[in-house]
Amino acid sequence: MIAVVLSLTAAFTFALSAMLVSHLKGRVGPLQFGRWQMSLAFVMLAPVAYAFGGWRTVTAAQVWLLAASSATGIMLASTTYFAAIHAIGPRITALMFSLASPFAVVLGYLFLGESLSAAQGVGIALILAGIMLAVAMPEGGAGVERIPTRRLWQGIALGVITALGQATGSLLARPAMASGVEPFTAMTIRAGLGAAFFLLLALFPFGRAPQRLTPKDGVVVAVSAFVGLFIGMSLLMAALARGDVGIVSTLSSTTPILILPMIWGVNRRAPGLWAWMGAGLAVAGTAVLSLTA
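Residue numbers restart at each chain and count upward from 1, following the sequence in its written direction. Since the coordinates come from a predicted model, pLDDT governs what is reported: local features require at least 70, and pairs of side-chain atoms require 80 or more to be given and counted, while whole-chain, interface and lining totals use all residues. With hydrogens and water set aside, each side-chain value is computed from the structure's full complement of heavy atoms.

K.L.:
Before we move on, could you go through helix 4 (residues 100-111) and cite the residues and values that matter?
P.N.:
If you check helix 4, its first and last C-alpha atoms are 16 Å apart, about what 12 residues at 1.5 Å a residue would give, namely 16 Å. Of the residues making up helix 4, those classed as buried are Ala100, Pro102, Ala104, Val105, Leu107 and Gly108. Looking at the buried positions of helix 4, the neighbouring elements they touch are helix 3 (60-97), helix 5 (118-136), helix 6 (149-178) and helix 11 (273-291). Going along the chain from the N terminus, every DSSP run of H or I of four or more residues is numbered as a helix, and every run of E of two or more is numbered as a strand. Where helix 4 ends, the next residue or the one after it, Gly113, has phi of about 70 degrees, a positive value. Residue count minus one, scaled by 1.5 Å, sets the expected span of a helix. Relative accessibility decides the category of a residue: with a 1.4 Å probe and only protein chains considered, values under 20% of the type maximum give buried, values over 50% give exposed, and everything between is partly exposed. Here, residues are in contact when the closest pair of their heavy atoms is within 4.5 Å.

Structure, rendered in structure tokens:
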């Protein structure tokens, strides 16, 4: 029961973090956001990793794997994730992020020799059907922002890149984690390298923000990092330590559904039926993949 509560709470924090990020639209750029979020995440995670004593167990080979994982899962995916939220909003972005599960299955099949069962094929089909349903069907009077076609396709492309980057990052980190790297230490390495990357980009004109981060927006960035990266990931790891991996993965992936009431509360109008059905199918597909892994 504790694992269930922890998993659902983690999913809630991921949804809340996405909602916070959406409020920065038009005021904070993707590279500026990544620079601040990863820097703050590193500052939060490093003391915890030190307290757990994980630094003593990390080898050079594991650091290289985690560095590669950071390049795809943080440097690339966090940038496109933020840009996708700005293009298509947190609801569709959360759905697109659920593609990370089938991407991980396919990449594992192609590069790690893992099996791909018929049940997993059904799970992938459910996720794709959920995304297509939520994106293609009209919302009617549900009050969801109407997204121009060009921006919709740009956001979908960014969402696909985000999910693929996240799945690749997980694939690269898997050998390091399987060899016994302490989770907080792994997260600290990934966040620290991501922060260094975004700080390095600030040396070039294209990496600099057109305007300085205001104190109000800085608070939003800090809270999103604390809620989504520090609390959310901590809860997820605590859940994995206490419950079945398949069940925990399924429950922690309910973000596309949990984000809908948040949108309802912000917009004062309920998302349409297709949004709920699409989110439900995506979560069901994730459940099939997680429970048959």
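K.L.:
So, the side chain of Arg190: which residues are in play, and what are the values?
P.N.:
Note that Arg190 resides in helix 7 (residues 183-201). For the purpose of counting charges, residues Lys and Arg are taken to be positive, whereas Asp and Glu are taken to be negative. His and the chain ends are not included. Just to be clear on terms, a salt bridge is a Lys or Arg side-chain nitrogen sitting within 4 Å of an Asp or Glu carboxyl oxygen. This buried residue, Arg190, is left without a salt bridge; Glu182 holds the nearest opposite charge, at 13 Å. Discounting residues that sit within four places of it in the chain, Arg190 has contacts with Leu66, Ser69, Ser70, Gly73 and Ile74.

K.L.:
Explain the nonpolar core to me, and be specific about the residues and the numbers.
P.N.:
Take the buried residues of types Ala, Val, Leu, Ile, Met, Phe, Trp, Tyr and Cys, join any two whose side-chain atoms come within 4.5 Å, and each joined set is a nonpolar core. In terms of nonpolar packing, the biggest core is built from 21 residues, with Ile88, Ile92, Leu95, Met96, Leu99, Ile131 and Leu152 touching the most fellow members. At the level of elements, helix 3, helix 4, helix 5, helix 6 and helix 11 are the ones that each hand at least two residues to this core. Looking at this core, the element that brings in the most residues is helix 3, giving five residues. Look past the residues within four positions of Ile92 in its chain and what remains in contact with it is Val135, Ile147 and Leu152.

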